[in-house]
Amino acid sequence: MLALLLAAVTVSTSFEGGNLGKVETVAPEHLRLAVKGQADQNGRNRQANWYYFELRNLPKRPFRFDLTDLVGEYNFKPGSHAVTKGTRPVYSYDGGRSWTHFTDDQVSWNEEVKELTVRFTPAQPAIRIAHTPPYTNSNLQALLKEFGSKPFIKQEVIGKSVHGRPIPLWTVTDFDTPEAGKQVIWWMVRQHAWETGTSWALEGGLRKLLATESAGIRKRFVFKVLPCPDPEGMAEGAVRFNANGYDINRNWDAIDPVTMPEIAAMRKAILAWVDSGHRIDLFLAMHNTESVDYIDTMLSTGGPELNALAQRFQRLLNEKTMFYAPNGPRDAGESTTPGMKGRKTVHQELFAARKVPAFLMEQMVENHPRLHRPPTVQDRLDFGAALVDVLTQAVAPAKP
């Protein structure tokens with residue numbers, strides 16, 4: 001966290017999820033802001049696509065900031081950068097309660113040095129700025145406060161993070177209706193802390209599931225929800241690694257309860273569910289990326305049933321949501337880095353270990369072809385609500 005006096009402007013990250021690197025003053029109305037980023041346990045695979053800070057005492061005249069130090073590597077490929085010419089940061093004048101994207105004419109990209117510049121005239125003396133609309137542990141607790149007393153949501157703690165924060169598992173169903181005959185969907189979001197759009201989508205989905213009019217869904221389905229795989233990252237404004245530097249979606253085949261207790265706890269809970277005789281009809285891990293939507297699963301090894309489910313899932317997404325993936329589902333393969341231990345994603349490992357019909361979903365944060373703008377919080381909430389219908393219809397298609 002930091003709070004530095006820079007001429008008349010103060011830059012602060014002293015709030016939940018705040019993070020930023022070095023701050024340089026070029027002029028009273030021009031700051032250079034390095035994005036701190038995060039690397040793995042070996043100092044590799046650095047990504048710099050989370051920043052969340054507040055500017056205070058802003059002048060009532062044009063102001064500029066440059067986002068710098070953006071280049072890192074992805075899956076051991078140097079030179080990658082997740083902030084791109086298509087990135088449109090979000091801002092809030094009400095302390096983070098509502099968010100708006102900066103517009104195309106306010107943002108420019110320097111391809112030579114890989115830097116993003118934002119120019120704007122402040123409407124108020126204080127503004128918060130982030131890569132995407134933040135979703136913190138406090139948001140999650142507020143959601144629980146609103147819905148946690150309902151009789152059809154059960155809360156468990158299945159483990160603790162490196163720093164002792166709880167790893168929650170929620171079950172949503174009609175508990176008065178026997179589980180036998182119900183279909184079961186597992187829904188995981190936020191393995192990577194920066195991917196806040198997945199949390200907003202889950203909130204939209206939970207609001208749909210917990211609504212009075214969804215009683216029929218709760219009688220026929222069990223939803224097992226993993227809403228917070230990386231509570232440290234959500235609290236501290238990290239990117240994609242736990243406090244020990246382990247990627248929470250790359251080490252599912254190299255379990256160590258000491259260095260990566262989050263993965264160990266979630267893997268144990270999922271496999272225990274299967275091994276005790278319960279079903280999983282579909283497992284979904286949601287993610288965000290820059291400029292593409294897609295789902296992938298083990299198409300090449302999953303057989304006809306998994307392939308049919310993938311095609312049905314894709315079709316319903318395209319028909320009923322803003323999802324844009326005209327080329328269909330992708331093949332996930334066996335590992336993100338074949339031949340290297342500790343490089344399997346959750347869906348790759350669950351299929352390898354128990355043949356779970358598991359999917360990864362990526363959703364773009366940049367300009368969306370169907371929306372013709374970056375997705376907003378409301379778009380994510382709406383998508384999550386529609387996704388509930390997609391998931392239930394994908395695993396229980398209507399009979400002809």
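Just above, that's the structure.
Residues numbered from 1 in each chain as written. Predicted model: local features only at pLDDT ≥ 70, side-chain atom pairs only at ≥ 80, totals over all residues. Heavy atoms only, no water.

Participant: Would you mind showing me how to read the environment of Gly79 here?
Facilitator: Topologically, Gly79 is positioned in strand β8 (residues 77-80). We classify Gly79 as partly exposed; its relative accessible area is 43%. Put simply, Gly79 and Asn45 are 34 residues apart on the chain and 10.0 Å apart in space, counted from C-alpha to C-alpha. In this view, Gly79 contacts Val71, Gly72 and Glu73; residues no more than four positions away in its chain are not counted. (Helix = DSSP H or I, 4+ residues; strand = E, 2+ residues; numbered from the N terminus. Buried < 20%, exposed > 50% of the residue type's maximum accessible area, 1.4 Å probe, protein only. Contact = heavy atoms within 4.5 Å.)

Participant: How should I be thinking about the pattern of salt bridges in this particular structure?
Facilitator: Side chains that differ in sign of charge can pair as their charged atoms come close. Per the counting criterion, the structure on display carries 25 salt bridges. For Arg207, the salt bridge is made with Glu203, and the minimal N-O distance between the two is 3.1 Å. Here Glu203 and Arg207 lie together in helix α2 (residues 196-209), a separation of four residues that amounts to about one turn. You can call Glu203 buried: its relative accessible area is 9%. It is possible to trace a salt-bridge network through shared partners that takes in Glu24, Arg32, Arg64, Asp66 and Glu115. (Salt bridge = Lys/Arg side-chain N within 4 Å of Asp/Glu carboxyl O.)

Participant: I would appreciate a short explanation of the nonpolar core in the present structure.
Facilitator: One recurring pattern in soluble globular proteins is that nonpolar side chains are buried together. Trp187, Phe223, Leu284, Phe313, Met361 and Leu387 are the most contacted members of the largest nonpolar core, which totals 52 residues. With nine residues, the top contributor of residues to this core is helix α8 (residues 377-395). Apart from the residues within four sequence positions on either side, Phe223 is in contact with Trp170, Thr171, Val172, Ile185, Trp187, Leu209, Ile217, Val388, Leu391 and Thr392. (Core = buried A, V, L, I, M, F, W, Y, C linked by side-chain atoms within 4.5 Å.)

Participant: For this particular structure, what's the right way to read the sheet that holds strand β12 (residues 115-120)?
Facilitator: Whether parallel or antiparallel, the strands of a sheet pair through hydrogen bonds between backbone atoms. Strand order in the open sheet formed by five strands is β3-β4-β6-β12-β11, and the pairing between neighbours is mixed. Edge strands, defined here as strands with exactly one partner in the open sheet, are β3 (23-27) and β11 (107-110). On average, adjacent strands in this sheet sit at an angle of 20° to one another, irrespective of strand direction. Inspection of the sheet shows β11 paired to β12 by four bridges, in the antiparallel sense. Residue pairing for β12: Val107 is matched across the bridge by Val118. (Pairing = 2+ DSSP bridges. Axes fitted to C-alpha atoms, helices over the stretch in contact; angles between N-to-C directions.)

Participant: Can you help me understand helix α5 (residues 261-275) in this one?
Facilitator: A turn of α-helix holds 3.6 residues, and therefore any two residues three or four places apart point the same way. Over its 15 residues, α5 runs 20 Å from end to end, which matches the ideal 21 Å to within 8%, given 1.5 Å per residue. What α5 keeps buried is the set Pro261, Glu262, Ile263, Ala264, Ala265, Met266, Ala269, Ile270, Leu271 and Trp273. (Expected span 1.5 Å × (residues − 1).)

Participant: Teacher, can you tell me more about the environment of Thr321 here?
Facilitator: Note on placement: Thr321 falls in the loop between α6 (303-320) and β20 (330-331). On the accessibility criterion, Thr321 (11% relative accessible area) is buried. In this structure the C-alpha to C-alpha distance between Thr321 and Asp379, which are 58 residues apart in sequence, comes to 9.8 Å. Here Thr321 is in contact with Leu316, Arg370, Phe383, Ala386 and Val390, once residues within four sequence places are set aside. Only 2.6 Å separates the side chain of Thr321 from the backbone oxygen of Leu317, close enough to count as a polar contact. (Polar contact = N/O pair within 3.5 Å; in protein donor to acceptor, adjacent residues only side chain to side chain.)

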